[in-house]
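# What the coordinates show
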Amino acid sequence: MNKLVLQNSPKRLMVVDEATQALIPITQEAFLKEWAVPQAMAKYRPCTTALACLESKAPTIADIRNSFGHDYIQAYVEMWIVNLRMFFNVGKAMTDEQTYMTAELIVDSFYNLNIADINLVFKNAKLGKYGKIYDRLDGNIILEWFQRYFDERCEAAAERSIREAHSYRVNSGESRER
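This section reports on the structure supplied with the text.

Analysis parameters
- Residues numbered from 1 in each chain as written.
- Predicted model: local features only at pLDDT ≥ 70, side-chain atom pairs only at ≥ 80, totals over all residues.
- Heavy atoms only, no water.
- Helix = DSSP H or I, 4+ residues; strand = E, 2+ residues; numbered from the N terminus.
- Buried < 20%, exposed > 50% of the residue type's maximum accessible area, 1.4 Å probe, protein only.
- Areas by Shrake-Rupley, 256 points an atom, 1.4 Å probe, with all protein chains shown as cover.
- Lys, Arg positive; Asp, Glu negative; His and termini not counted.
- Charge placed at Lys NZ, Arg CZ, Asp CG, Glu CD.
- Salt bridge = Lys/Arg side-chain N within 4 Å of Asp/Glu carboxyl O.
- Disulfide = S-S within 2.5 Å.
- Contact = heavy atoms within 4.5 Å.
- Core = buried A, V, L, I, M, F, W, Y, C linked by side-chain atoms within 4.5 Å.
- Expected span 1.5 Å × (residues − 1).
- Arc of directions from axis to C-beta.

### Considerations on the overall build of the chain
For the chain, the count of helices and strands is eight helices and two strands. Looking at the chain as a whole, 37% of its 178 residues are labelled buried. Total accessible area on the chain is roughly 10,500 Å²; 53% of this is exposed by carbon and sulfur atoms. The centroid of the 22 positive side-chain charges in the chain is displaced by 5 Å from the centroid of its 23 negative side-chain charges.

Rendered as C-alpha cells:
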C-alpha cells in the first residue's frame, strides 16, 4: 500500500510508493480517502491556530486544483460548505446554487489556503468565533470569515518571519549596529 505523503512537485500532489520509494501522482480516489471532510477534520484537529495550519504542510486549494482540475476542487470546497450547512440550523439556509457560487469564490480568492486552514475557518465559525449566526447563513458571511482568517494568517506568517530573521541575526552574531 502506498503511503500518502504530500511532496512538493510541480503542479501535482504525489505519494511515495512504499515498495520502490518512487513518487507517483495521487489519484482522486486516494485523495478523498485521506482528505474527505470527516477525515480532514480529524487529521487537522490539532491545528488550532493559523500558524499551525501554515506549518501543517496540508495540500493547498491551488495544489488540488493543479492536480485534479478546477471542477474537482470546486466540488471539494462545496462538500465543506454542505458540512457547515448541516451544522447550522437556520431559517434562511443556503441553496445549492449559493453553495456553488461561494465555493467558486473561495477557490478563486483563497487558493493559497490549505485544507487545515479550511478546517479551522469552519471550526471557528461553528464555535462562534466570528460572531453569532442570526437565522441566516450565506456566501457573504462565509467569505467574511475567510477574509478575517486570511488576514490573521498573513499577520501570523509575517510575525513568524520577523522572529526567524531576528533569531538568525542573533544566532549568526550579526549586530544591528554596523
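Here the narrative resumes.
### What about the pattern of salt bridges?
Counted by the stated rule, this structure contains six salt bridges. We note a salt bridge from Arg85 to Asp96, for which the minimum N-O separation is 3.2 Å. Of this pair, Arg85 sits in helix H5 (residues 70–87) while Asp96 sits in helix H6 (residues 96–109), placing them 11 residues apart in sequence. Here Arg160 ties to Glu164 by a salt bridge, and the two come within 3.8 Å at their closest N and O atoms.

### Quick word on the state of the cysteines
All chains considered together, the criterion is met by zero disulfides. Left without a disulfide partner, Cys154 is nearest to the cysteine sulfur of Cys53, which lies 13 Å away.

### Some points on the environment of Lys129
The topology assignment puts Lys129 in the loop between helix H7 (115–126) and helix H8 (139–172). In sequence terms Lys129 and Trp145 are 16 residues apart; their C-alpha atoms lie 9.4 Å from each other. Other than its neighbours up to four places away in sequence, Lys129 contacts Asn124 and Arg148.

### So, the nonpolar core
Formed by 46 residues in total, the largest nonpolar core has its most connected members in Phe31, Ile115, Leu137, Ile142 and Trp145. Breaking this core down by element, the ones donating at least two residues are helix H1 (28–35), helix H2 (37–43), helix H3 (50–55), helix H4 (61–68), H5, H6, H7 and H8. Sequence-distant contacts of Ile115, defined by excluding residues within four places in its chain, comprise Phe31, Trp35, Ala40, Tyr44, Ala58, Pro59, Ile64, Tyr76 and Trp80.

### Quick word on unusual backbone geometry
The phi dihedral of Gln21 is positive, around 65 degrees, even though this residue is not glycine. Note that Gln21 resides in the loop between strand E1 (14–16) and strand E2 (23–25).

### Here's the deal with H6
With 14 residues, H6 ought to run about 20 Å at 1.5 Å a step, and its terminal C-alpha atoms sit 20 Å apart, in line with that. Looking at H6, one finds that the buried residues are Thr99, Thr102, Ala103, Ile106 and Val107. Viewed end-on, H6 has its buried residues packed into an arc of 135 degrees, placing them on one side of the element. For H6, the secondary structure elements touched by its buried residues are H4, H5 and H8.

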